[in-house]
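Analysis of the macromolecular model
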Amino acid sequence: MNKESLIWREENQKEVFNCRVFSIHESYCRSPHDALRTFTVLNAPDWAIVVPVLETPQGKKFVMVRQWRHGSRSLSLEFPGGVFEPGEDPQAAAARELREETGYRPESIRKIGEFSPNPAIMANKVHFFLAENLIDTGRQDLDMDEFVDVELVDTETVFKNMGRPPYIHALMASALTLYLQQ
């Protein structure tokens, strides 16, 4: 099959909603068979998720954050992360988010992958990083609306419990998969 026969061409778009964390656009696209259709696209900044690995005398631990999630109305235990500032280098953003949320600074941080969180309706990407040789600065630098507890969790505990509360954030499973590939 010719890949060109699958591609839709955007002819125009219009913003229909805008808030602090995302905007919604109507995208007017022409199908491979020349039909004009309207699709809804959510635009948000790219963001980073960091898998911080801490070597301890008891074995490897993940540095994770427990926080309230308004969408699920529940607490979630996750790898730290957050959105990029405009023009910010992805690796620098990942290191900054790790430090702000957990107080840990990585001596080593490297990108291990990226995904489109939901390519059917979202235009952004999530970038995944592995952070090692962590130094505890002892100081978080949270945003005004962030309330985060830092927890050191045995890696096996996370592997066994992913997909069950409090490990409910689907992209954390993606992060674990990329970590296992390393």
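Preceding block: the structure.
We now turn to the structure provided with this report.

What counts and how
- Residues numbered from 1 in each chain as written.
- Predicted model: local features only at pLDDT ≥ 70, side-chain atom pairs only at ≥ 80, totals over all residues.
- Heavy atoms only, no water.
- Salt bridge = Lys/Arg side-chain N within 4 Å of Asp/Glu carboxyl O.
- Helix = DSSP H or I, 4+ residues; strand = E, 2+ residues; numbered from the N terminus.
- Buried < 20%, exposed > 50% of the residue type's maximum accessible area, 1.4 Å probe, protein only.
- Core = buried A, V, L, I, M, F, W, Y, C linked by side-chain atoms within 4.5 Å.
- Contact = heavy atoms within 4.5 Å.

**A look at the pattern of salt bridges**
In the structure shown here, the tally under the stated rule is ten salt bridges. A salt bridge links Glu151 to Arg66; the shortest N-O distance between them is 2.5 Å. Of this pair, Glu151 sits in strand S10 (residues 148–154) while Arg66 sits in strand S5 (residues 59–69), and the two are 85 residues apart along the sequence. On the basis of relative accessible area, Glu151 is assigned to the partly exposed category, the value being 22%. Residues joined by salt bridges that share partners form a network here, namely Glu88, Arg96, Glu97 and Glu100.

**A few points about the nonpolar core**
Core analysis: the largest hydrophobic core is formed by 22 residues, its most contacted members being Ile49, Val51, Phe62, Met64, Phe79 and Val158. Among the elements of the structure, strand S4 (47–56), S5, strand S9 (126–136) and helix H3 (170–180) are those that each provide at least two residues to this core. Looking at this core, the element that brings in the most residues is H3, giving six residues. With sequence-adjacent residues up to four places away left out, Ile49 is seen in contact with Phe79, Pro80, Gly81, Val126, His127, Phe128, Phe129, Leu171, Met172 and Ala175.

**Structural notes on H3**
Buried within H3 we find Leu171, Met172, Ser174, Ala175, Leu176, Leu178 and Tyr179. Buried positions along H3 lie against S4, S5, strand S6 (74–78), strand S8 (104–115), S9 and helix H2 (155–161).

**Let's talk about the environment of Tyr179**
Within the element layout of this structure, Tyr179 appears in helix H3. Assessed through its relative accessible area of 14%, Tyr179 is described here as buried. Apart from the residues lying within four places of it in its own chain, the contact partners of Tyr179 are Val51, Val53, Lys60, Phe62, Ile112, Leu130 and Phe159.

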